[in-house]
Amino acid sequence: QVTLETRSGTNQFHGSAFDYVRNSFFDANDWFNDYFGRPNAPLRQNDFGGTLGDPVWLPHIYNGKNKTFFFVSYEGLRLTLPQAAALQYVPSLSLRSAATGVMRSILAAFPLPTGPETAVGGQPSGLASFVLPYSLPSRVNSTSARLDQRLGSKVSTFFRAGIAPSVTTLANPFGRQSPEH
């Protein structure tokens, strides 16, 4: 069971603002990145926004003091989240150079290896290691608005609306970013 409560406007103008920032400057490198000798992928987090509340007031038309109030809030999040490096295998440089025609273009679709070619039973396998840490960017814009109306000393009503679209960029197993989803 979840209970939500949103703030209401009051007879006095009030508001707030905030901003939270975090980045990778003070963060240690991920253990897996260290193990594979790779640097830490970028981390950026910025969470910001504000609120505003007041009685509804339209000059020479309506004064909502003690009767009608509004409250709006906004929160924006910009996040670049690092992903730890993982060992994967891609076609080796020797396999790429030995390929011809269509096979060469298929092998070129893979990223270049970051390590040496592996051997199986002393023979080249045609595969080489690929390790790459990367970051996934995302963003959220959350807006909420509320309108309160006092109908009497013990009766009131309100209307609330909110929207929170978000976008996250995904990556394939080789760290290349795909279009936003």
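Residues numbered from 1 in each chain as written. Predicted model: local features only at pLDDT ≥ 70, side-chain atom pairs only at ≥ 80, totals over all residues. Heavy atoms only, no water.

Enquirer: Please provide a residue-by-residue account of the overall build of the chain, values included.
Expert: Counting its secondary structure elements, the chain contains 3 helices and 12 strands. A globule of 181 residues ought to have a C-alpha radius of gyration of about 16 Å, yet the chain, at 27 Å, is considerably larger. A principal-axis box enclosing the C-alpha atoms of the chain has dimensions of 90 × 40 × 35 Å. Counting every position in the chain, which comprises 181 residues, the buried fraction comes to 23%. Pairs at least 24 residues apart make up 62% of the contacts formed inside the chain by residues separated by at least 6 positions. The positive charge centre, built from 15 side chains, and the negative charge centre, built from 11, are 7 Å apart in the chain. (Helix = DSSP H or I, 4+ residues; strand = E, 2+ residues; numbered from the N terminus. Rg over C-alpha atoms; globule rule 2.2 N^0.38 Å. Buried < 20%, exposed > 50% of the residue type's maximum accessible area, 1.4 Å probe, protein only. Contact = heavy atoms within 4.5 Å. Lys, Arg positive; Asp, Glu negative; His and termini not counted. Charge placed at Lys NZ, Arg CZ, Asp CG, Glu CD.)

Enquirer: So what's going on with the pattern of salt bridges? Residues and values would help.
Expert: Applying the stated criterion to the full structure yields 2 salt bridges. Here R22 makes a salt bridge to D27, at a shortest N to O gap of 3.0 Å. Residue R146 is joined to D148 by a salt bridge in which the shortest nitrogen-to-oxygen separation is 2.9 Å. Summarising the burial analysis for this pair, R146 and D148 share the class buried. (Salt bridge = Lys/Arg side-chain N within 4 Å of Asp/Glu carboxyl O.)

Enquirer: Quick one: what's the story with the packing of aromatic side chains, residue by residue and with numbers?
Expert: The full count for this structure, using the stated rule, is 4 aromatic pairs. Between F48 and Y74, the ring centres sit 6.1 Å apart and the planes meet at 50°, which makes this aromatic pair tilted. With a gap of 26 residues between them, F48 in strand 2 (residues 44–55) and Y74 in strand 5 (residues 68–83) connect regions that are remote in the sequence. Here Y74 falls in the partly exposed class, since its relative accessible area comes to 30%. One aromatic cluster is present, built from ring pairs that chain together W31, F32, Y35 and F36. Between R146 and the ring centre of F158, over which it is positioned, the NZ or CZ distance is 4.1 Å. (Phe/Tyr/Trp six-rings, centres within 6.5 Å; stacked < 30°, edge-to-face > 60°. Lys NZ or Arg CZ within 6 Å of the ring centre and 35° of its normal.)

Enquirer: Could you give an account of the sheet that holds strand 8 (residues 123–130), with specific residues and numbers?
Expert: By way of backbone hydrogen bonds, the strands of a sheet pair with one another, either parallel or antiparallel. Here 3 strands make up an open sheet; going across it, the order is 6-8-7 and the pairing antiparallel. Sheet topology places strand 6 (88–91) and strand 7 (117–120) at the edges, where each strand pairs with a single neighbour. Between one strand axis and the next, the sheet turns through 50° on average, direction left out of account. As defined by bridge partners, strand 7 adjoins strand 8 across 3 bridges and the pair is classed as antiparallel. (Pairing = 2+ DSSP bridges. Axes fitted to C-alpha atoms, helices over the stretch in contact; angles between N-to-C directions.)

Just geometry here; none of it tells us what the structure is for.
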